[in-house]
Amino acid sequence: MSFLNGTSLTPASFILNGIPGLEEAHLWISSPLCTMYSIAITGNFGLMYLIYSEEALHRPMYIFLALLSFTDVLMCTSTLPNTLCILWFNLKEIDFKACLAQMFFVHTFTGMESGVLMLMALDRYVAICYPLRYATVLTNAVIARAGLLTFLRGVVLVFPFPLLTKRLPYCRGNVIPHTYCDHMSVAKISCGNVRINAVYGLMVALLIGGFDILCITISYTMILRAVVSLSSADAQQKAFSTCTAHICAIVITYVPAFFTFFTHRFGGHTIPPHIHIIMANLYLLMPPTMNPIVYGVKTKQIRESVIRFLLKGKDGSHNI
């Protein structure tokens, strides 16, 4: 067992095996992943720049959206470059500590993604149910504290993942049938007892995902009650239209997340490994790719800002 550090059962490195069963198709699979990653990076940086440069977008809703875009960039960048190296160049080896670091960042940023979506739901709740108090409740200081607390929540809850994984013995080998270091994917190749890892992973999922979904559900229940009570149909449509992009973002984020989470724990023998791994990659790539598109299409202020930005660019080029 040359891959072990001396006489310990801790490997010097892991081998990320890509997508088992689809090795011949790795190059074909990399094409859509690379395209989605390029769209995600371009779209989210473009959205952040637009929100920064357009004074009309310096409002709580768009500040939260910029925070979501920033989180999306970090989330997909924590895995996709490494995944593409595996699919393109067959560079499968990853240092043990680097694997633990990737695990930490992946779960921290996915927790942050969920938290920001929850904050955006609370933003819509205040905007629709308490419109006159919107500016005084959601000040820049409140937004900054909310974002910082959401990040710290993820860091504190996810930090034990690498520690719990590091303590495990790896006497079966060091090959991980995955494209990145996910907590349970690494734990499952251990020959030790992973019950604590599984239980703690479930607890974190409930404390982050479960809590955020509960807050989102309560917020939209209150929003729906407020919208239904409006006397004008136009007012109802206008109020609810401000939520459609956020609802789409929730669906795009949580559907693949739930699929990945439940198949890891309950569907390991019924769902083919390659399906699970492809979905695990889409779970990290779909929200960053689709969120800028959804908000660009569904949000009038962003559409108008994009048009103004493009027209300004045309005028500048004509003046040269």
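Just so we're clear, the structure is a prediction, and the values are computed from it rather than from any experiment.

Focus: the UniProt feature "transmembrane region" (unreviewed entry) in the chain
For step 1, the next point in the chain: As annotated by UniProt and renumbered to match this structure, "transmembrane region" (unreviewed entry) occupies residues 27–50, 62–89, 101–122, 134–159, 202–227, 239–262 and 274–295.
For step 2, the next point in the chain: Between the C-alpha atoms that bound residues 101–122 there is a distance of 31 Å. The span itself is 100% helix and 0% strand.
For step 3, the next point in the chain: Along residues 239–262 the backbone is 100% helical and 0% strand, and the end-to-end C-alpha distance reaches 35 Å.

So, the pairing of strand β1 (residues 13–16)
For step 1, the next point in the chain: Note: β1 against strand β2 (residues 93–95), 3 bridges, orientation antiparallel. Across the sheet, residue serine 13 finds its bridge partner in β2, namely aspartate 95.
For step 2, the next point in the chain: In terms of strand pairing, β1 meets strand β3 (residues 175–176) through 2 bridges, oriented parallel. Across the sheet, leucine 16 pairs through a bridge with isoleucine 176, a residue of β3.

Some details on the packing of aromatic side chains
For step 1, the next point in the chain: For the structure shown, the criterion picks out 11 aromatic pairs.
For step 2, the next point in the chain: On the numbers, 6.3 Å between centres and 70° between planes, the contact of phenylalanine 96 with tyrosine 170 is edge-to-face. Note that phenylalanine 96 is positioned in helix α4 (residues 96–129) and tyrosine 170 in the loop between α7 (160–166) and β3, a separation of 74 residues in sequence. Each member of the pair, phenylalanine 96 as well as tyrosine 170, carries the same accessibility label: buried.
For step 3, the next point in the chain: Here the aromatic residues Phe104, Phe105, Phe109 and Phe159 are joined through ring pairs into a cluster of three or more.
For step 4, the next point in the chain: Its end group placed over the ring of tyrosine 130, arginine 133 keeps NZ or CZ at 5.6 Å from the ring centre.

Here's the deal with the state of the cysteines
For step 1, the next point in the chain: Overall, the coordinates contain 2 disulfides when judged by the stated rule.
For step 2, the next point in the chain: One disulfide in the model links cysteine 99 with cysteine 181; its S-S distance is 2.0 Å. For the disulfide bridge between cysteine 99 and cysteine 181, the dihedral angle about the S-S bond is near -120°, and by the sign convention the bridge is left-handed. Of this pair, cysteine 99 sits in helix α4 while cysteine 181 sits in the loop between β3 and α8 (183–187), and the two are 82 residues apart along the sequence.
For step 3, the next point in the chain: Disulfide pairing places cysteine 171 opposite cysteine 191 at an S-S distance of 1.9 Å. Looking along the S-S bond of the cysteine 171-cysteine 191 disulfide, the torsion reads about 140°, which is the right-handed sense. Here cysteine 171, found in the loop between α7 and β3, pairs with cysteine 191, found in the loop between α8 and α9 (195–228); they are 20 residues apart in sequence, far enough to count as distant.
For step 4, the next point in the chain: In the chain, numbering the disulfide-bonded cysteines from first to last in sequence yields the connectivity 1-3, 2-4.

Here we look at the pattern of salt bridges
For step 1, the next point in the chain: This structure, assessed with the given rule, holds 4 salt bridges.
For step 2, the next point in the chain: In this structure, arginine 308 engages glutamate 54 in a salt bridge whose closest nitrogen and oxygen atoms are separated by 3.2 Å. Taken together, the positions of arginine 308 in helix α12 (residues 300–319) and glutamate 54 in the loop between α1 (26–53) and α2 (60–77) put the pair 254 residues apart, joining distant regions of the chain.
For step 3, the next point in the chain: Close ionic contact of glutamate 304 with lysine 300 constitutes a salt bridge, the shortest N to O distance being 4.0 Å. Here glutamate 304 and its partner lysine 300 are both found in helix α12, 4 residues apart, which amounts to about one turn of the helix.

Details of the sheet that holds β3
For step 1, the next point in the chain: Strand order in the open sheet formed by 3 strands is β2-β1-β3, with mixed pairing between adjacent strands. At either margin of the open sheet sits one strand with a lone partner, and together these are β2 and β3.
For step 2, the next point in the chain: Lying over the sheet, α4 contacts β1, β2 and β3, oriented at roughly 85° with respect to β2.

Topic: a nonpolar patch on the surface
For step 1, the next point in the chain: On the surface, Tyr49, Tyr52, Val306, Phe309 and Leu310 cluster together into a nonpolar patch covering about 550 Å² of accessible area.
For step 2, the next point in the chain: Listing elements by their share of the nonpolar patch, those giving two or more residues are α1 and α12.
For step 3, the next point in the chain: When residues in the nonpolar patch are grouped by element, the largest group, 3 residues, is from α12.
For step 4, the next point in the chain: Summarising the element assignment, tyrosine 52 is placed in helix α1.
For step 5, the next point in the chain: Note on tyrosine 52: relative accessible area 65%, which makes it exposed.

What counts, and at which threshold
- Residues numbered from 1 in each chain as written.
- Predicted model: local features only at pLDDT ≥ 70, side-chain atom pairs only at ≥ 80, totals over all residues.
- Heavy atoms only, no water.
- UniProt positions renumbered as here; feature names shortened; annotations may be inferred.
- Helix = DSSP H or I, 4+ residues; strand = E, 2+ residues; numbered from the N terminus.
- Pairing = 2+ DSSP bridges.
- Phe/Tyr/Trp six-rings, centres within 6.5 Å; stacked < 30°, edge-to-face > 60°.
- Buried < 20%, exposed > 50% of the residue type's maximum accessible area, 1.4 Å probe, protein only.
- Lys NZ or Arg CZ within 6 Å of the ring centre and 35° of its normal.
- Disulfide = S-S within 2.5 Å.
- Salt bridge = Lys/Arg side-chain N within 4 Å of Asp/Glu carboxyl O.
- Contact = heavy atoms within 4.5 Å.
- Axes fitted to C-alpha atoms, helices over the stretch in contact; angles between N-to-C directions.
- Patch = residues over 30% accessible without salt bridge, like charges linked within 9 Å, V, L, I, M, F, W, Y side chains within 5 Å.
- Areas by Shrake-Rupley, 256 points an atom, 1.4 Å probe, with all protein chains shown as cover.

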